[in-house]
Amino acid sequence: MQSVDYHAILPVLVLSVAVIVVLVVDAFLPPRARWLAMPLSLLGVVAALVATLTLIGDEVSTFGGHYVVDDFTVLFQVLFLSVAVVVLAMSLRYMREGGFYQGEYYFLLLTAFLGCVLMPASRDLLMLFISLELVSAPGFLMSAFRKSDVKGNEGGLKFFIIGVLSTAVMLYGMSMIIGLTGSTSLTGVAEGLATLSGGQRTLADASILFVVVGFAFKVSAVPFQFWAPDTYEGSPVPVAAFLAVASKAAGFAGLLQLMFVAFANEWEFWWRAFAALSILTMTVGNLVALQQRQVVRLLAYSGIAQAGYILLPFALVSADTATNDAAFSAAVSYILIYAIMNLGAFAVTAAVSRRHPRLLISEFAGLVKVAPVMAVGMTVFMVSLAGIPPTGGFWGKFLIFQAAIERGGWGTALAAIMVVNSVISIVYYFAIPRAMIFQEPESEEVMRPSWLVTAVVVTAIVALVAIFVIPNPIAHLGDISVLGG
Amino acid sequence: MTWDNSAITITTFLPIVGALVILLVPASQDRLVRGLGIAVTGVALVFAAVLALGFDYGTDGLQFVLDVRWIDAIGARYHVGIDGISMPLYVLTYLLSFLCAIYTWRYVPPPGRTKAFIALMLLLETGMAGTFIAFDLILFFVFWELVLVPMYFLIGIWGSANREYAAIKFFLFTLFGSIFMLLGFLGMYFRGPDPRTFDILKLQEFAQGGGFTDGFQLVVFGAVALGLAVKVPMWPVHTWLPDAHTEAPTIGSVLLAGIMLKMGTYGFIRIALPLLPYGAQKYAPWIGLLAAIAIVYAALACLAQKDLKRLIAFSSVGHMGFVMLGIATMTEIGIQAAIFGMVAHGVITGMLFFIVGSVYDRYHTREIAVIGGGMSQTMPKMAGIFAFVSIASLGLPGLAGFWGEVMALLGSFSPNEALGLDVGLYRIFMVLGGIGTVLTAGYFLWMLQRINMGTLPERWSDSGFRDILVVEWVAWVPLLTLTLVLGLFPRLIFGMTDEAVAGLMSFFGG
C-alpha cells in the first residue's frame, strides 16, 4: 500500500546487516581470531555513518509517516553512530583482555545502537517503543557481562527488573493514549488530545505521566535513578559508557519528540512535573556525587545531575513557540556536548582500569606523570562537565540559562537552582584532577593506553575546546527545532 | 585589518599564542622556557605601551574599536575597545605580568614544572587583559571566567601547605557569584532594547533612556553585584581572599592582588553603574556601609595576624574597601579615586607580595614571631624597600597610596545628593574610613617594627642571607618608581581617566 524509501532507511539497513554478519561470523572463527568481530562491527558502523551523511539536508517521510528523516534525525543518528565508533574503540582491548564472549558482545552492542539510530526517526508511539526496547534489552545482557563479578550480576539484574517495570508502565500509558486518540502517530496524538474533555482528559493526563515515568527511568531521573550507579559500576567500562551516553541520549531523543510534538498542547499540565523532576534530579545527583570515592559511580551520579540539567528545558515549555524553540535547541545542544565530554571521561577511565580495576579516585593520583595525555584529557572533561570556560560545556549550560531567562517567571528560579547546583558540582568534578595533578603517583611506571583510546581522548579534547572557541555551529543546531510529524 | 582595529586583539591574545609555543618546547630546556616567558610578556607589554601612546586622551569615547559578528545564535558579538577607564588597568596587567615573568627567571616554586607554570601564567594574562577591553557582556564573562582555571592550578600545584583547600575555596566562591552575574546579564539581554543585544554601550544608552524598570534593576543589580563583590572582595564575602593569597605562590599573589581583584571593581564602574543606574543608586548606601566595615574590619584583622603574608592579604581587603567607598559615593571624584586606588593598590600590594615572597625565600617561614626582627641588619636594602612600600601602602602623602584614599574620603564627605544619597550617613562612613586609616598606619608600623627593627634573633645570626638580587632589582625597580612617580604626579592616571569618568558620570549629574 505504500512505497518505501530505501535511501532514507539505508543507515538502519546497513547496521542491521552488520549485526547479522557479526553474529554469524563469530560462529565460524577460531577462538584466537574472535577479536575480528570488533573491526567488522566498526566497518558496519562507519558504513552506516557514511550512509547517514548522505541524508544531510533531506526531508523524507516513509512508512506512512512513521519513519521520518529530517535534520533532527540525521543529527542524532550521526551522534549515535559516532558514539558507537568510540565505544567500539574502547571495547577492543578491554574485551580481549577481559576474556569475554566477544562475538555476542559486539552483536548486542550493535543491536543496541540499532535501536538508538531508529529512535530519532520514529514519529510514532509504537516505533518509539520498539526503538527503546531495542536499546534496553541488549543493555540488560551487556551490563551483566562480567559474569564472575558479584557487582556485575547485581547491576545487571537491577537494570533488568527496573527496566522491565518501567517499560510496562510506559506501555500502559501509551495504550491508553492510543485508545483515547485513535492514533499512534505523534501528530495524530497531538490532534486527538486537543479534542478531549472531562474525564477523558484526566485519563489522558494520567497516561502522559505514565509515559514520562517510563522515560524517566531510561534517563535516570530522580526518583527513578537508583539502578544507574550500581549498573554502571558492575558493567564493563565500555558498556557503562554506552549506558551513560548513548542509552541516555536515546531516551532524551524520544522524550523530546513526545513532549514537544505529541503532548505539546498539554504543557500546562506537565511542565510542573518536569520542573520537579529537573530540580530533584540535579540536586540529588550532585549531593550524592559528593560522597563518591569510585570513578564510575561518580560519573554515574554526575550523569544523573546532568540529566537534571537536560530536563530543565522541558519545564520551560509554554504557548510561546519562540521560547519553546530556544528550550528545545538548548536541550539538543546540551545532549551533544554531554556526549562528547562524558565519552572522553569514560575513555580515560577504561584506560586506567587496566592498571587499577577498582577505579578509586585515589588510584588516579599522579596520573599526569604516568599518562599525561589521559590526565590532561580527564581534566578538560571534568572542567567541561562543570561548565567552565575554556570548554564546550560552558556553552551547553549557557544555552540552558539563556532559554530559562527568556522564559522568565519560573524559568528564572529554575536557572538560579541550576546555578547553585553547578557550583556544588565543582567540588566533585575537581576531585579527580586534584588527585591526578596535585598528588604523587604510587608507581612512576609509564602507562601506555592503546592508540585507539588515545585518539578518542585527543579528539574529544580538541572538540570541546573547538566548541568553546567557535560555538556557532553547535548553537545553530537549535534551528532544527521544528520536528516533522 | 589595520593596526587601529586589530591592535587590541593582537595584544590580548599574544600571551595565549606564546603559551602554545612554550608548550612545544621540550621540558628539559628550562632556561629557554623561562626566557620565552619573559620575551612573550615583554613583547606584549611593548604592544600595550604602543597602544597607550597612540591613545587620544582628550575624548571620552572608545578607541581601537573592533566590533564584529561572533556567536549569532546567542546574540553575542566580538566587541572590543579601550577608553580612559580601561587603559590604566590594561597597561598595569601587562606590566605586572612582565615583572612576574622576570621574577620567574630565578624563582619557580616547588614542584618545578616550569613549562606548565609559565603557560598558565600567560593564559591568566590573556584572561585578565581581556576583561578590561570587552564591550560585550558575554565576551566580558568569558574572559572573566577564563582566569579561574589557571589560577586554580597556580594555587593548587605551586602553593604552600594548605594549597588545595585555598584553591578550591577560591574557585567555588568566585564561580558562585559569577554565575548569578551571568543570569543578570541574560536578564538585561531579554529585557533590553530591540533587537536584543549584549553590547555594553547599546545597553548603557538604553538604560539611561529609562529602558529598564525600577523593580527589574533592583533584582538584576543584586545578581550582578554579587558576582562582582565576591571578586573585589567585599566584606563579608572576602573570606576566600586571605586563604588564596596566603597559599598562592608569589607571582600568583602578585597577579591576584595586583589585577584580578580589580576585575570586580572595574565591573562595578563599567557595567553595574551605567547599565543599572537606578539599582546602583538604591544599593549605593549599602555598598558604602559594607566598604566602611571592610576598612575597619580588615585593619583590626591585620593587627591580629601572626603570618606576614596573611597580614598583607588582609590589608588588600581594606584597600579595596576604599575603592568601593569611592564608587559608592556615585560622584566623579569618588570614581576617579576608585580607579586611582585600583592602580595604586596593584602597584604597591603587588610589590609587597614580591617582597614577602623574597623574605620567605630567605627565612623559609612567614611567621612574624619566628622571623623576629633585625632584618635591617642582615639585609639593609630589603628592609629599606620593605619600609618604603609599607609606608606607601598606609597612604603617606607624596606616594601612590595617598591619592586613592584621601579622595575616597573626600568623596564621601559630599556624596551625590542629586541621587538622594544621605550626606549624614556618608559622613559616618568617612569617619569610619578615617579610623581605618589610622589603624592601617598602626599595623604597618608595628609590622615594620617587628620585622625590620630590634635585635637579630640568635638563630639567624650566621644564616648569611643575601640582600636583594639582580633579578629582584630588575623586577622591582619599575614598581618602586611608579610608587613614587604616581604619588608625585597623580595626573598620570587622572589625565587618562578624566574624560572617560566625566562622560560616565554625566548621567548621574555628579
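What counts and how
- Residues numbered from 1 in each chain as written.
- Chains lettered and ligands numbered in written order.
- Predicted model: local features only at pLDDT ≥ 70, side-chain atom pairs only at ≥ 80, totals over all residues.
- Helix = DSSP H or I, 4+ residues; strand = E, 2+ residues; numbered from the N terminus.
- Rg over C-alpha atoms; globule rule 2.2 N^0.38 Å.
- Buried ≥ 20, exposed ≤ 12 C-beta atoms within 10 Å, placed from the backbone.
- Contact = placed C-beta atoms within 7 Å.
- Core = buried A, V, L, I, M, F, W, Y, C linked by C-beta atoms within 7 Å.
- Expected span 1.5 Å × (residues − 1).
- Nonpolar A, V, L, I, M, F, W, Y, C, P; charged D, E, K, R; others polar.
- pLDDT = per-residue confidence, 0-100.
- Pairing = 2+ DSSP bridges.
- Axes fitted to C-alpha atoms, helices over the stretch in contact; angles between N-to-C directions.
- Parallel < 35°, antiparallel > 145°, perpendicular 65-115°, else oblique.
- Left-handed = near helix turned anticlockwise from the far one by under 90°.

## As for the overall build of chain B
Broken down by element type, chain B carries 21 helices and two strands. Computed over its C-alpha atoms, the radius of gyration of chain B comes to 22 Å, within 12% of the 24 Å expected for a compact globule of 510 residues. Summarising its shape, the C-alpha atoms of chain B cover approximately 75 × 55 × 40 Å along the three principal directions. Expressed as a percentage of its 510 residues, the buried residues of chain B come to 59%. Within chain B, counting contacts between residues at least 6 apart in sequence, those at least 24 apart form 80% of the total.

## Here we look at the overall build of chain A
Helix and strand counts for chain A stand at 20 helices and two strands. Relative to a compact globule of 485 residues, whose C-alpha radius of gyration would be 23 Å, chain A shows 21 Å and is just as compact. Oriented by its inertia axes, the alpha-carbon framework of chain A measures out at about 70 × 55 × 40 Å. By residue count, 59% of the 485 residues in chain A fall in the buried class.

## Quick word on the nonpolar core
Of all hydrophobic cores here, the largest spans 395 residues; its most connected members are Met90, Phe113, Phe346 and Ala347 of chain A together with Ala272 of chain B. Of all the elements, helix α13 (residues 321-353) of chain A adds the most residues to this core, at 22 residues. The contacts of Ala272 of chain B, once residues within four sequence positions are left out, are Phe221, Val224, Ala225, Leu228, Gly267 and Ala280 of chain B.

## Focus on helix α9 (residues 214-231) of chain B
All names here are of chain B. For α9, built from 18 residues, the straight-helix expectation of 26 Å at 1.5 Å per residue is met to within 8% by its first-to-last C-alpha distance of 26 Å. Those residues of α9 not exposed but buried are Gln217, Val220, Phe221, Ala223, Val224, Ala225, Gly227, Leu228, Ala229, Val230 and Lys231. On its buried face, α9 is in contact with α7 (163-191), α11 (250-275) and α12 (277-304).

## Comments concerning the environment of Val43 of chain B
Along the polypeptide, Val43 of chain B turns up in helix α2 (residues 30-53). Separated by 180 residues in sequence, Val43 of chain B and Ala223 of chain B have C-alpha atoms that sit 38 Å apart.

## Comments concerning the interface of chain B and chain A
One frequently used descriptor of interface size is the decrease in accessible area upon assembly of the parts. Every contact between the two is made by 24 residues of chain B and, on the other side, 24 residues of chain A. Counting only elements with at least two residues in the side of chain B that touches chain A, the list comes to α5 (137-146), α6 (148-158) and α7 of chain B. With 13 residues, the top contributor of residues to the side of chain B that touches chain A is α7 of chain B. Across the side of chain B that touches chain A, the residue classes tally to 19 nonpolar, two polar and three charged.

## Observations concerning helix α16 (residues 392-407) of chain A
Residue and element names in this part refer to chain A. In this model, α16 (16 residues) spans 23 Å end to end at C-alpha, consistent with the 22 Å of a helix rising 1.5 Å per residue. Counted residue by residue, α16 has 16 buried out of 16 residues, so it is predominantly covered. Immediately beyond the C-terminal end of α16, within one or two residues, lies Gly408, with a positive phi of roughly 70°.

## Some points on the confidence of the model for chain B
Confidence in the prediction for chain B averages 89 pLDDT; 100% of positions are at 70 or higher. Scored as a complex, the prediction yields pTM 0.88 and ipTM 0.83.

## Here we look at the pairing of strand β1 (residues 63-71) of chain B
With six bridges connecting them, β1 of chain B and strand β2 (residues 76-82) of chain B associate as antiparallel partners. Counted as the bridge partner of Asp67 of chain B is His79 of chain B from β2 of chain B.

## What about the environment of Ala327 of chain A?
All names here are of chain A. With respect to the helices, strands and loops of the structure, Ala327 is situated in helix α13. Of the residues examined, Ala327 has 29 C-beta atoms within 10 Å and is grouped as buried. A C-alpha to C-alpha distance of 37 Å links Ala327 and Leu359, two positions 32 residues apart in sequence. Ignoring sequence-local partners within four residues, the contact set of Ala327 consists of Pro313, Leu316, Val317 and Ala403.

## Section: the packing of helix α11 (residues 267-289) of chain A against helix α12 (residues 295-311) of chain A
Residues and elements named next belong to chain A. Direction vectors running N to C along α11 and α12 enclose 155°, while the axes themselves pass 7 Å from each other. When the axis of α11 is compared with that of α12, the two are roughly antiparallel. Once α11 is placed against α12, the crossing between them reads as left-handed. For the pair formed by α11 and α12, the contact residues are Phe274, Leu277, Ser278, Thr281, Met282, Gly285, Asn286, Val288 and Ala289 on the first element and Leu298, Tyr301, Ser302, Ile304, Ala305, Ala307, Gly308, Tyr309 and Leu311 on the second. For the contact of α11 with α12, the per-class residue count stands at 12 nonpolar, six polar and no charged.

## Brief notes about the packing of helix α8 (residues 198-218) of chain A against helix α10 (residues 237-262) of chain A
Residue and element names in this part refer to chain A. For the pair α8 and α10, the least separation of the axes is 8 Å and the interaxial angle reads 160°. Taken together, α8 and α10 sit at an angle that is classed as roughly antiparallel. Of the two possible hands of crossing, α8 and α10 adopt the one that is left-handed. Residues Val211, Phe215 and Lys218 of α8 lie in contact with α10, whose contacting residues are Ser247, Gly251, Gly254, Leu255 and Leu258. For the contact of α8 with α10, a count of residues per class yields four nonpolar, three polar and one charged.

## Some points on the environment of Tyr429 of chain A
Residues and elements named next belong to chain A. Checked against the element boundaries, Tyr429 lands in helix α17 (residues 410-429). A residue is classified by how many C-beta atoms lie within 10 Å of it, and Tyr429, with 27 of them, is buried. Excluding residues within four positions of it along the chain, Tyr429 makes contact with Met382, Leu385 and Ala386.

## Here's the deal with the confidence of the model for chain A
The share of residues in chain A with pLDDT of 70 or more is 97%, and the mean pLDDT across the chain is 87. Of all secondary-structure elements in chain A, the lowest mean pLDDT belongs to helix α20 (residues 472-476) of chain A, at 72, while α12 of chain A reaches the highest, 93.

## Regarding unusual backbone geometry
The phi torsion of most residues other than glycine is negative, and most of the peptide bonds are trans. Note that the residue after Val222 of chain A, namely Pro223 of chain A, is joined by a cis bond; omega there is 10°. Looking at the element boundaries, Pro223 of chain A is found in the loop between α8 and α9 (227-234). A cis geometry characterises the amide bond from Asp194 of chain B onward to Pro195 of chain B, with omega recorded as 0°. Within the secondary structure, Pro195 of chain B is located in the loop between α7 and α8 (200-208). The backbone of Leu359 of chain A sits at a positive phi, close to 60°, despite the residue not being glycine.

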